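Residues per chain, in single letters:
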Amino acid sequence: MTMNHVAKFKTTVAQSTDDGREQDATTWNGNGNASNVITIGNSGGSVYSAAFRFRGVDIPRNAKIVLARLKIRPAVTDSSDPDVKLIVKGIKEANTKVFSQSSRPSQRTKTVNSVAWHIIKKWEVHEWAQTPNLQLLIEEIVAQSGWKPGNALALVIEDNGSSSGQAETCYDKIKGDGYQAELEVWYTMKNVSVGTIAGNDRDGVEINKTTWQGSPTGNVITLGDDGADINEGGLIFSALSIPRHANIIGAYLMITQADQNNRFPNLLIKGFAEDDAAVFASDGSNRPSTRQKTKAQAEWTIGESAAGVFVGLHWTANSVYESPDLREIVQEIVDREGWTPSSRLGVVLENRSSWDGQYKLIWDYVKNTGEFAAKLIVAWDTIRTIYSAQKDILKFDKSNYPEYIIVHHSATPRDSTHFSTIRNNHIGIGWGDVAYHHWIAGALDGLGVHIVGRPENKIGAHADTQKMNYRSIGIALCGTFHPSGGGEQPSAEQLATLQELLDKVRKERGIPKERVLGHRETPDATNCPGDNLLPYIERYRSTGKLLP
Ligand SMILES: [Zn+2]
């Protein structure tokens, strides 16, 4: 079964035996200390780790994780800014057993993937602290051969070399309901990409739409109205590796809050309408306000004023928060003519009438060389049908009665030909639209992407003799698959789309598989669709499958 969305799962520690702390890798305290507090880090000459086990984790095996986090509730307000170095790991068991003195976290096998969590600003009692994204760690757990939806998993927060006296705290489940740790996981069965800020020229803040600060004061990007100025963040992400025209099913900014903060700005997120977003010039000449934005935008309302009091989610220092879904913005950008998998993608977080003094602070790349820089998580699917044809075609407006499906190659380079070029060329000839009913794209439009050409009930312009244009559906694969023309091969993605399309069109129109032809198997004098594609079509006629 395919699932074409981002699903969300949330649970809490269910029983007091499911969490606790381990002191010096030797002593398990299932209820924390006498006050039911779990210490994590280096305190009083001991090193402490915390463990949390979650039951009934309803995530399919081999799910791709979009966002996964542990939320814990601090039990103490720090008196000064700490420097607590923690690391989160998973227990590498397909259905994790409970902890006990004879089966302590330190004795159990951990995941290969781990996530550092560095606390450098004060935590406050009773707020919620949330880890960075535990994406790969949770993927590793649910990829195990014995994993089944509903199994238990456990996370351990270990000390990662904190100095003496550097520790944080949280409550144990036995403290009561509402104090226990939570696990939140968003997942998909499709693909997930992570965009990163790859240098200090990729983020910063614009003040009052006039001044760009690539290395802002205090190393923080202010978002919103700080009482004196309007502050708007700009972020440029790379390493997304998303093909053009991919179907975007979810996209979220992940940002690290730089202090404990109970202020509530309202933001408006837009993308830069650029094929490959330019990095920010230090002189501010391409600051966000000067750039073309996407039509798609997303409001981020972080809090509101109720009876004169601001209410909303408090943010904790060194906790990671996600934006609303930005999929429409990302879709608009990856659909651009010049988008490639190696393109950069930029966004701006504009102020949207925040009240005076309402802002959040996120770390700029310049703080610890990107340790806390923003990320962009995108869930996407490869195959997507694009509708390109105009509704009304003036010429060739005659009916088609398909009895055959005819497969072509475009006889143009597979990975450097745009569909739009072919279509414009055919319109220029006077064919009114692209010659074919269906197009299967090369790399420029996304390998294997299906683009709908002229409507199937209109005659084609792809096979002349014996009135074939009146009796067939034309499907073209982008590429030159004949040896004399360059001898390219159809890609696996193109063949997968062709298989799906042939099956669908045949079923809808009752066309037998024996009537799927390569263009040159009609009386037309041509080598189309080439020696490198024709054998697949021959195999389809005999087995119904393009591939052996
Ligand atoms: Zn042809």
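Computed from a prediction, not measured in an experiment: that's the story for all the values here.

Draft legend 1. Up close: the overall build of the chain. A count of helices and strands for the chain gives five helices and 32 strands. The dimensions of the chain, computed from C-alpha atoms along their principal axes, are 90 × 60 × 45 Å. Counting every position in the chain, which comprises 548 residues, the buried fraction comes to 57%. A fraction of 81% describes how many contacts in the chain between residues 6 or more apart in sequence connect residues 24 or more apart. Of the roughly 21,700 Å² of accessible surface on the chain, 47% is carried by carbon and sulfur atoms. Computing the positive centroid from 59 side-chain charges and the negative centroid from 63, the chain places the two 6 Å apart.

Draft legend 2. Quick peek at helix α2 (residues 327-334). Among the residues making up α2, those that are buried are I329, V330, Q331, I333 and V334. Looking at the packing, one finds that the buried side of α2 touches β18 (247-256), β19 (266-272), β20 (293-301), β24 (345-351) and β26 (375-381).

Draft legend 3. Looking closely at the pattern of salt bridges. The full count for this structure, using the stated rule, is 33 salt bridges. As a salt-bridge pair, R244 and E337 come within 3.4 Å of each other at their nearest N and O atoms. Of this pair, R244 sits in the loop between β17 (230-237) and β18 while E337 sits in the loop between α2 and β24, placing them 93 residues apart in sequence. Judged by its relative accessible area of 4%, R244 falls in the buried class. You can call E337 partly exposed: its relative accessible area is 39%. Measuring nitrogen to oxygen at the nearest pair gives 3.5 Å for the salt bridge that ties R352 to E299. Remark: E299 occurs in strand β20 and R352 occurs in the loop between β24 and β25 (359-363); sequence separation between them is 53 residues. Taken together, the shared-partner salt bridges connect D18, R53 and R55 into one network.

Draft legend 4. Representation of the coordination of the zinc ion within the structure. Coordination of the zinc ion by the protein comes from H408 (ND1), H519 (ND1) and C528 (SG), over a distance range of 2.1 to 2.3 Å. Between the donor residues of the zinc ion, the gaps in sequence give the motif H-x110-H-x8-C. Taken together, the positions of H408 in strand β28 (residues 404-409) and H519 in the loop between β32 (516-518) and α5 (534-543) put the pair 111 residues apart, joining distant regions of the chain. For H408, a relative accessible area of 2% gives the class buried. H519 gets classed as buried once you look at its relative accessible area, which sits at 9%.

Draft legend 5. Region of interest: the sheet that holds strand β6 (residues 64-72). A sheet is described by the order of its strands in space; here four strands give the open sequence β1-β12-β6-β9, paired in antiparallel fashion. Two strands lie at the open edges of the sheet, namely β1 (7-12) and β9 (129-130), each paired on one side alone. Examined bridge by bridge, β1 and strand β12 (residues 182-188) share six bridges and lie antiparallel to one another. Opposite K10, over in β12, you have E184 as the bridge partner. Along the sheet face, helix α1 (residues 135-142) touches β6 and β12 and points at about 110° away from the line of β6.

Draft legend 6. The arrangement of helix α4 (residues 492-509) in detail. The terminal C-alpha atoms of α4 lie 26 Å apart, and with 18 residues this matches the ideal 26 Å at 1.5 Å per residue to within 8%. When α4 is considered as a whole, its buried residues turn out to be Q494, L495, T497, L498, Q499, L501, L502 and V505. In this fold, the buried residues of α4 make contact with β28, β29 (438-440), β30 (450-452), β31 (472-477), β32 and α5. Looking one or two places after α4, you find G510, whose phi comes out positive at around 60°.

Draft legend 7. Broad picture of the sheet that holds strand β23 (residues 320-322). Overall, antiparallel pairing links the four strands, which are arranged β13-β26-β18-β23 in an open sheet. Taken across any chain shown, the strands that pair with only one partner, and hence form the sheet edges, are β13 (191-196) and β23. Adjacent strand axes in the sheet meet at a mean angle of 25° when their direction is disregarded. Both β18 and β26 contribute to a ladder of seven bridges, which runs antiparallel.

Draft legend 8. Spatial organisation of the pairing of β25. Extensive coverage of β25 is indicated by the burial of five of its five residues. Every second residue of β25 is oriented toward a common face, with Y359, L361 and W363 on one face and K360 and I362 on the other, all of them buried. Sheet analysis places strand β16 (residues 220-225) next to β25, joined by five bridges and oriented antiparallel. Note on β25: the bridge partner recorded for L223 is K360.

Draft legend 9. Focus on unusual backbone geometry. Across the junction of C528 and P529, the peptide omega takes the value 5°, indicating a cis bond. Tracing the backbone through its elements, the reader meets P529 in the loop between β32 and α5. The phi torsion at K209 lies on the positive side, around 55°, for a residue other than glycine. Tracing the backbone shows K209 in the loop between β14 (203-207) and β15 (211-213). Positive phi outside glycine occurs at N318, with the angle close to 55°. Position of N318 relative to the elements: it lies in the loop between β22 (309-312) and β23. Since its relative accessible area comes to 2%, N318 is described here as buried.

Draft legend 10. Region of the structure containing the confidence of the model for the chain. In the predicted model, the chain carries a mean pLDDT of 93, and 97% of its residues have values of at least 70. In the predicted complex, the global pTM is 0.78; the interface-specific ipTM is 0.96.

Draft legend 11. Layout of the side chain of H450. Within the secondary structure, H450 is located in strand β30. Engagement of the side chain of H450 in a polar contact is seen with the side chain of H438, the distance being 2.9 Å.

Draft legend 12. Summary view of the side chain of H462. Looking at where H462 falls in the secondary structure, it is placed in the loop between β30 and β31. Of the polar contacts made by the side chain of H462, one reaches the side chain of H408; its length is 2.9 Å.

Criteria and cut-off values
Residues numbered from 1 in each chain as written. Predicted model: local features only at pLDDT ≥ 70, side-chain atom pairs only at ≥ 80, totals over all residues. Heavy atoms only, no water. Helix = DSSP H or I, 4+ residues; strand = E, 2+ residues; numbered from the N terminus. Buried < 20%, exposed > 50% of the residue type's maximum accessible area, 1.4 Å probe, protein only. Contact = heavy atoms within 4.5 Å. Areas by Shrake-Rupley, 256 points an atom, 1.4 Å probe, with all protein chains shown as cover. Lys, Arg positive; Asp, Glu negative; His and termini not counted. Charge placed at Lys NZ, Arg CZ, Asp CG, Glu CD. Salt bridge = Lys/Arg side-chain N within 4 Å of Asp/Glu carboxyl O. Donors = N, O, S within 2.8 Å, 3.2 Å for Na, K, Ca; no water. Pairing = 2+ DSSP bridges. Axes fitted to C-alpha atoms, helices over the stretch in contact; angles between N-to-C directions. Expected span 1.5 Å × (residues − 1). pLDDT = per-residue confidence, 0-100. Polar contact = N/O pair within 3.5 Å; in protein donor to acceptor, adjacent residues only side chain to side chain.

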